[in-house]
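Examining the three-dimensional arrangement
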Amino acid sequence: MEPQTVIHEETYNAPVEKVWLALTDKDQIKSWYFNIPDLRHEVGSSFEFYESEKKEFLHRCTITEIVPLQKFQHTWTHPEQSKGTTLLTWELFAEGDQTRVLLTHTGIEQLADGGAAFAKENYEQGWNEIMGRSLRGFLEQ
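Summary of the structure given here.

**Some words on the packing of aromatic side chains**
Two measures describe an aromatic ring pair: the distance that separates the ring centres and the angle between the ring planes. Here the structure, examined in full by the defined rule, presents 13 aromatic pairs. Relative to Trp 90, the ring of Tyr 33 has its centre 6.4 Å away and its plane inclined at 90°; by these criteria the two rings are edge-to-face. Here Tyr 33, found in the loop between helix 2 (26–32) and strand 2 (46–49), pairs with Trp 90, found in strand 5 (residues 85–95); they are 57 residues apart in sequence, far enough to count as distant. On the basis of relative accessibility, which here comes to 15%, the residue Tyr 33 falls in the buried class. The class for Trp 90 is buried, based on a relative accessible area of 2%. Three or more aromatic residues joined by ring pairs form one cluster here, namely Trp 32, Tyr 33, Phe 34, Phe 47, Phe 49, Trp 76, Trp 90 and Trp 127. It is Arg 100 that lies over the ring of Phe 93; its NZ or CZ is 4.2 Å from the centre.

**Re the side chain of Thr 104**
With respect to the secondary-structure elements, Thr 104 resides in strand 6 (residues 98–106). Non-local contacts of Thr 104, meaning those with residues more than four positions away in its chain, are made with Thr 5, Val 6, Ile 7, Leu 87, Leu 88 and Thr 89.

**Topic: helix 1 (residues 16–24)**
Taken together, the buried positions of helix 1 are occupied by Val 16, Val 19, Trp 20, Ala 22, Leu 23 and Thr 24. Looking at the buried residues of helix 1, the elements they touch are helix 2, strand 3 (59–67), strand 4 (71–77), strand 5, strand 6 and helix 3 (120–139).

**Focus: unusual backbone geometry**
It is generally the case that most residues other than glycine have a negative phi and that most peptide bonds are trans. Within the chain, Leu 69 stands out as a residue other than glycine whose phi angle is a positive 70°. Mapping Leu 69 onto the fold places it in the loop between strand 3 and strand 4.

**Examining empty space enclosed by the protein**
To find the voids left in a structure, one rolls a probe of water-molecule size over its atoms. With the rule as written, the count across this model stands at 1 cavity of 30 Å³ or more. As a volume, the largest cavity reaches approximately 80 Å³. Each residue belonging to the lining of the largest cavity can be placed in one class, and the counts come to 9 nonpolar, 1 polar and no charged.

**Section: helix 3**
Compared with an ideal rise of 1.5 Å per residue, which puts 20 residues at 28 Å, helix 3 spans 27 Å between its outermost C-alpha atoms and is within 8% of the ideal. The sharpest bend along helix 3 reaches about 25° and sits at Ile 130. Among the residues making up helix 3, those that are buried are Tyr 123, Trp 127, Ile 130, Met 131, Gly 132, Leu 135, Phe 138 and Leu 139. Taken together, the buried residues of helix 3 touch strand 1 (5–12), helix 1, helix 2, strand 4, strand 5 and strand 6.

**A word on the pattern of salt bridges**
Taken as a whole and judged by the stated rule, the model has 9 salt bridges. For Lys 120, the salt bridge is made with Glu 124, and the minimal N-O distance between the two is 3.9 Å. Of the two residues, Lys 120 and Glu 124 both sit in helix 3, 4 residues apart, roughly one turn of that helix. Relative accessible area serves as the criterion here: at 25%, Lys 120 is assigned to the partly exposed category. One network of salt bridges, in which partners are shared, links Glu 9, Glu 95 and Arg 100.

Conventions used here
- Residues numbered from 1 in each chain as written.
- Predicted model: local features only at pLDDT ≥ 70, side-chain atom pairs only at ≥ 80, totals over all residues.
- Heavy atoms only, no water.
- Phe/Tyr/Trp six-rings, centres within 6.5 Å; stacked < 30°, edge-to-face > 60°.
- Helix = DSSP H or I, 4+ residues; strand = E, 2+ residues; numbered from the N terminus.
- Buried < 20%, exposed > 50% of the residue type's maximum accessible area, 1.4 Å probe, protein only.
- Lys NZ or Arg CZ within 6 Å of the ring centre and 35° of its normal.
- Contact = heavy atoms within 4.5 Å.
- 1 Å grid on protein atoms, 1.4 Å probe; cavity = no way out; pocket = protein on both sides within 12 Å on 5 of 7 lines; lining within 4 Å.
- Points joined across faces, edges and corners; volume = space filled by probe spheres on them.
- Nonpolar A, V, L, I, M, F, W, Y, C, P; charged D, E, K, R; others polar.
- Expected span 1.5 Å × (residues − 1).
- Bend = angle between axes of the 7 residues up to and from the residue.
- Salt bridge = Lys/Arg side-chain N within 4 Å of Asp/Glu carboxyl O.

Right, dumping it as structure tokens:
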């Protein structure tokens, strides 16, 4: 199976410190992303969340790398639907008063056993919505 990667990049009118907190502070994350009450900033720690109140699509993730204000990386799995593991990397680049965020989600093909809901196109659409609307709205309010 051919490797599949989703890459999405946005530049926000917010300093890197504010963007970093939005991505890593569990109280801020629930305002624009999902409720992740067990998020800890430790390599090797795991966290879980659901996409909605309906408890669909459990996400189980393990932090693989943290470089404060620069990089936050973790695995991304859907253990109730797929045996696959993908890798999600958030990279932050300070550009004056703005911050460029590069999201790279690799290994999408590993989720093919979960069905059509896990197609690359759905991840592209999802990250576009999350980064382009939800995170932007939170950071630039």
